[in-house]
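# Residue-level structural notes
Listed below are the residues making up each chain.
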Amino acid sequence: MENKEFNLVEYMTGGVERIVKEAVRATLTNPRESAFMARFALSSREASRKRSKAEADGENIPPFLIASITSSCNLHCAGCYSRQNHACTDAEPVNQLTTQEWENIFSEARELGISFILLAGGEPLLRRDVIEAAGNYPEILFPVFTNGTLMNDEYIKLFDKRRNLLPVLSIEGRLEKTDERRGMGVYTRVKEVMERIHKNHLIFGTSVTATTANLQEVTGREFLDELRDSGCKAVIYVEFVPVTEESKDLAPGDAEREYIRNRLSEIREEYSDMVFISFPGDEKSSGGCLAAGRGFFHINSHGGAEPCPFSPYSDVNIKNTSLRQALHSPLFTALREQNILMEEHSGGCVLFERRESVEALLAESAGRMVSV
């Protein structure tokens with residue numbers, strides 16, 4: 001498979017559907033889980049039909065939404081982008097979306113045909129109310145991106161009961177690399193959680209921040225074999241975005257990005273029973289950034305509709321508008337129509353590299369709103 005032909009959205013949706021089918025076959029002795037998986041397969045096809053109809057009518061509805069449901073986190077990971085841009089703090093959260101407001105978002109997403117809502121933070125397990133609410137929408141899969149340290153017996157029971165909630169555990173490699181970035185003892189805790197999840201026959205994935213320090217390890221056979229043996233079904237590599245001068249050396253360069261592209265082609269063939277995603281590399285291979293509604297968009301914990309978590313700019317708030325209207329916001333529209341998302345760049349996140357252009361578009365949008 002050549003990179004230029006790679007379609008990230010098709011691969012992600014197809015990969016999830018394949019995992020669902022495998023889960024149905026593997027859980028025929030568990031009527032409750034098997035019934036859920038079968039229902040979701042039908043819901044996924046219906047959502048795809050809705051998106052296709054919208055496209056025929058000249059409107060693009062992305063299959064994915066990223067929802068940062070809290071700005072609080074119990075860890076202080078080295079080089080954390082969210083803390084640097086103040087999307088994640090230790091302060092008591094104020095003016096964050098309520099449970100009902102998140103339910104309204106989930107409900108509209110279902111009607112629009114959005115199939116996957118990635119729950120993030122901060123640390124999303126701090127908002128059990130929102131996660132429980134998400135469990136009431138079985139037509140949507142909710143990958144929950146968590147550091148895993150708060151995954152207790154009650155959460156295991158919730159994930160067991162609501163099979164549309166899929167834990168995605170953050171890990172940076174093996175013990176040394178993970179604890180170096182996330183804190184002493186985090187690796188051991190996450191591995192224990194993986195064992196408990198696997199023992200309860202739950203599907204889960206992992207999220208890895210790819211840096212120059214851990215790239216060889218996290219794409220190596222030993223690490224991936226351990227994940228597969230633990231029951232992991234998806235690995236999501238997120239390229240490290242430097243937020244300080246001291247952390248620039250950790251950001252992958254051209255050579256590392258070329259390595260990731262080539263290595264992923266091998267990994268996908270060798271581990272065909274798993275899904276492997278690389279951000280933003282797979283977006284570039286798919287013809288450009290998928291943010292701002294091309295393939296996904298982001299709602300922050302205060303309701304701001306943003307192109308993506310690495311581009312924290314918003315000209316509309318979901319408290320005052322609908323998801324559909326947010327997709328047509330002046331900022332999103334300008335990003336798509338002016339082809340900033342498709343621009344050539346050195347690699348990494350195009351919107352982060354072009355943040356001055358994004359800020360200029362945001363200022364233009366604000367000016368138009370004031371004049372109106």
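Bear in mind the structure is a predicted one, so any value in this text is a computation, not a measurement.

Cut-offs and rules
Residues numbered from 1 in each chain as written. Predicted model: local features only at pLDDT ≥ 70, side-chain atom pairs only at ≥ 80, totals over all residues. Heavy atoms only, no water. Helix = DSSP H or I, 4+ residues; strand = E, 2+ residues; numbered from the N terminus. Contact = heavy atoms within 4.5 Å. Areas by Shrake-Rupley, 256 points an atom, 1.4 Å probe, with all protein chains shown as cover. Salt bridge = Lys/Arg side-chain N within 4 Å of Asp/Glu carboxyl O. Buried < 20%, exposed > 50% of the residue type's maximum accessible area, 1.4 Å probe, protein only. Axes fitted to C-alpha atoms, helices over the stretch in contact; angles between N-to-C directions. Left-handed = near helix turned anticlockwise from the far one by under 90°. Polar contact = N/O pair within 3.5 Å; in protein donor to acceptor, adjacent residues only side chain to side chain. Parallel < 35°, antiparallel > 145°, perpendicular 65-115°, else oblique. Nonpolar A, V, L, I, M, F, W, Y, C, P; charged D, E, K, R; others polar. Pairing = 2+ DSSP bridges. Right-handed = clockwise from strand over helix to strand, strands pointing away. Phe/Tyr/Trp six-rings, centres within 6.5 Å; stacked < 30°, edge-to-face > 60°.

From N to C terminus, the protein includes 16 helices and nine strands. Excluding contacts between residues fewer than 6 apart, the proportion of contacts in the protein whose partners are at least 24 apart in sequence is 71%. As displayed, the protein offers around 16,600 Å² of accessible surface, 51% of which is attributable to carbon and sulfur atoms.

Considering all chains together, one arrives at 20 salt bridges under this definition. In this structure, Arg-324 engages Glu-59 in a salt bridge whose closest nitrogen and oxygen atoms are separated by 3.0 Å. Of this pair, Arg-324 sits in helix H13 (residues 323-327) while Glu-59 is found in the loop between helix H2 (31-56) and strand E1 (64-68), placing the two residues 265 residues apart along the sequence. Salt-bridge contacts for Arg-261 lead to Glu-258; the nearest nitrogen and oxygen are separated by 2.5 Å. Placement of both Arg-261 and Glu-258 in helix H11 (residues 254-270) is noted, with a separation of three residues, approximately one turn of the helix. Arg-261 gets classed as partly exposed once you look at its relative accessible area, which sits at 26%. What makes Glu-258 partly exposed here is its relative accessible area of 37%.

So, on to the packing of helix H10 (residues 221-229) against H11. The N-to-C vectors of H10 and H11 enclose an angle of 40°; their axes lie 13 Å apart at closest approach. Of the two possible hands of crossing, H10 and H11 adopt the one that is right-handed. For the pair H10 and H11, contact is made by Arg-221, Leu-224 and Arg-228 and by Arg-263, Ile-267 and Glu-270, respectively.

Glancing now at the environment of Asp-179. Assignment of secondary structure puts Asp-179 in helix H7 (residues 175-182). Between the alpha carbons of Asp-179 and Cys-77 there is a distance of 9.3 Å; along the sequence they are 102 residues apart. Residues contacting Asp-179, with those up to four places away along its chain left out, are Met-184, Gly-185, Val-186 and Tyr-187. Among the polar contacts listed, one links the side chain of Asp-179 to the backbone nitrogen of Tyr-187, at a separation of 2.9 Å.

Quick look at the side chain of Arg-127 now. Within the secondary structure layout, Arg-127 lies in the loop between strand E2 (116-120) and helix H5 (128-134). When its relative accessible area of 13% is taken as the criterion, Arg-127 is described as buried. Other than its neighbours up to four places away in sequence, Arg-127 contacts Ile-69, Thr-70, Leu-97, Thr-98, Thr-99, Trp-102 and Tyr-155.

Time to look at the packing of H7 against helix H8 (residues 186-199). Taken N-terminus to C-terminus, the directions of H7 and H8 make an angle of 115°; their axes are 8 Å apart at the nearest point. Taken as axis vectors, H7 and H8 run roughly perpendicular relative to one another. Side by side, H7 and H8 meet where Leu-175, Thr-178, Asp-179 and Arg-182 of the first sit next to Val-186, Tyr-187 and Thr-188 of the second. Residues belonging to the contact of H7 with H8 are distributed by class as follows: three nonpolar, two polar and two charged.

What follows is about the pairing of strand E4 (residues 165-170). Where burial is concerned, most of E4 is hidden: six out of the six residues are buried. A two-sided burial pattern is seen for E4, the buried positions comprising Leu-165, Pro-167 and Leu-169 on one face and Leu-166, Val-168 and Ser-170 on the other. With five bridges joining them, strand E3 (residues 142-146) and E4 adopt parallel strand pairing. Bridged to Phe-142 within E4 is Leu-165. Regarding topology, helix H6 (residues 153-161) serves as the crossover connection from E3 to the parallel E4, and that connection is right-handed. Bridge count between E4 and strand E5 (residues 204-210): three bridges; the pairing is parallel. By the bridge assignment for E5, Leu-169 is matched with Thr-206.

This part takes up the packing of aromatic side chains. For the structure shown, the criterion picks out nine aromatic pairs. Aromatic side chains Tyr-155 and Phe-159 sit 6.2 Å apart centroid to centroid with 50° between the ring planes, which places their arrangement in the tilted category. Of the two residues, Tyr-155 and Phe-159 are both situated in helix H6; the distance of four residues between them amounts to about one turn of the helix. Note on Phe-279 and Phe-296: the rings are 6.4 Å apart at their centroids and 75° apart in plane angle, and the pair reads as edge-to-face. In this pair, Phe-279 sits in strand E7 (residues 275-279) while Phe-296 sits in the loop between helix H12 (281-285) and strand E8 (298-299), placing the two residues 17 residues apart along the sequence.

No statement about biological role is implied by the geometric values presented.
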